[in-house]
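Architecture at a glance
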Amino acid sequence: MSHTGSSGGQPGPQRTTDRATALSEPTRAYAELVAGNRRFVDGAPRHPNQDAGHRAAVADGQHPFAVIVGCSDSRLAAEIIFDRGLGDLFVVRTAGHTAGPEVLGSVEYAVTVLGTPLVVVLGHDSCGAVQAARESAATGTAPSGHLRAVVDAVLPSLHRAAAEGVDDIDGIVDIHIAQTVETLLGQSPVLADEVARGRCAVVGVSYRLAAGAVRPVAAVPAGFATPAESTDPAAPATV
């Protein structure tokens, strides 16, 4: 990671005020992601900020306008599905977008040091981590190795889905996305404070692997991401 405007030094504790290449408001940042995803879905990407000139321009510092806490699924490359380029997105990926201490620290770095105004939890349909957790719960067996940590992190979402009577895999995925949003805010007082001050918003979105579209399923502040902003009108959001 490189501190904004630095030449490779250690990140300082202050919040950056240099927003020369960033979208400073949460609403503008989210609108930019939605617009980029729509271009991707329509097959008309612009591939912004991917040229050699921009590569040189961002070498000395970064000003990402969104943090993407996404699933590690190989089909979920954030810069591609949101049609963005170098320096635009601060991406943190784990299987099932599970949020441990390193993920929380990375989000806090982006929000407080880089001044990034938007955090997006990016999940997707047919999530393998959710399916693995569901199988583990159904059989009463835990996977071996460190995969167990991933499954254990998803199990609370399964319990919540069961309590709400949700049984289909993609309904559970939506609940898991919302659960991750709540985990980020609940486990990070730093992030919660930024949101309370109106300097940041947190949105959970679900990506459709075949269609390529994202739709919002959770947002803090409530109502920040509206169903009308979804690129998939056939799948209404629950915000």
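These notes cover the structure that comes with them. Bear in mind that the values here come from a model prediction, so they are computed numbers and not experimental data.

The next thing to look at is the nonpolar core. Of all hydrophobic cores here, the largest spans 64 residues; its most connected members are Leu33, Ile68, Leu118, Val119, Leu122 and Leu191. With nine residues, helix H7 (residues 169–187) is the largest single contributor of residues to this core. Non-local contacts of Leu118, meaning those with residues more than four positions away in its chain, are made with Pro26, Ala29, Tyr30, Leu33, Phe65, Ala66, Val67, Cys200, Ala201, Val203 and Phe224.

Counted according to the given criterion, the structure contains 11 salt bridges. Arg39 is the salt-bridge partner of Asp83, the closest N and O atoms lying 2.6 Å from each other. A residue pair is termed long-range when its members are at least 10 positions apart, and Asp83 in the loop between helix H3 (78–81) and strand S2 (89–94) and Arg39 in helix H1 (residues 26–42) qualify at 44 residues. Exposure remark for Asp83: the relative accessible area of 2% places this residue in the buried category. Counted as one network, the salt bridges with shared partners bring together Glu32, Arg84 and Asp88.

On to unusual backbone geometry. Residue Pro221 follows Val220 across a cis peptide bond; omega there is 5°. Its identity as a non-glycine residue notwithstanding, Asn49 has a phi of 60°, on the positive side.

About the thresholds
- Residues numbered from 1 in each chain as written.
- Predicted model: local features only at pLDDT ≥ 70, side-chain atom pairs only at ≥ 80, totals over all residues.
- Heavy atoms only, no water.
- Core = buried A, V, L, I, M, F, W, Y, C linked by side-chain atoms within 4.5 Å.
- Buried < 20%, exposed > 50% of the residue type's maximum accessible area, 1.4 Å probe, protein only.
- Helix = DSSP H or I, 4+ residues; strand = E, 2+ residues; numbered from the N terminus.
- Contact = heavy atoms within 4.5 Å.
- Salt bridge = Lys/Arg side-chain N within 4 Å of Asp/Glu carboxyl O.

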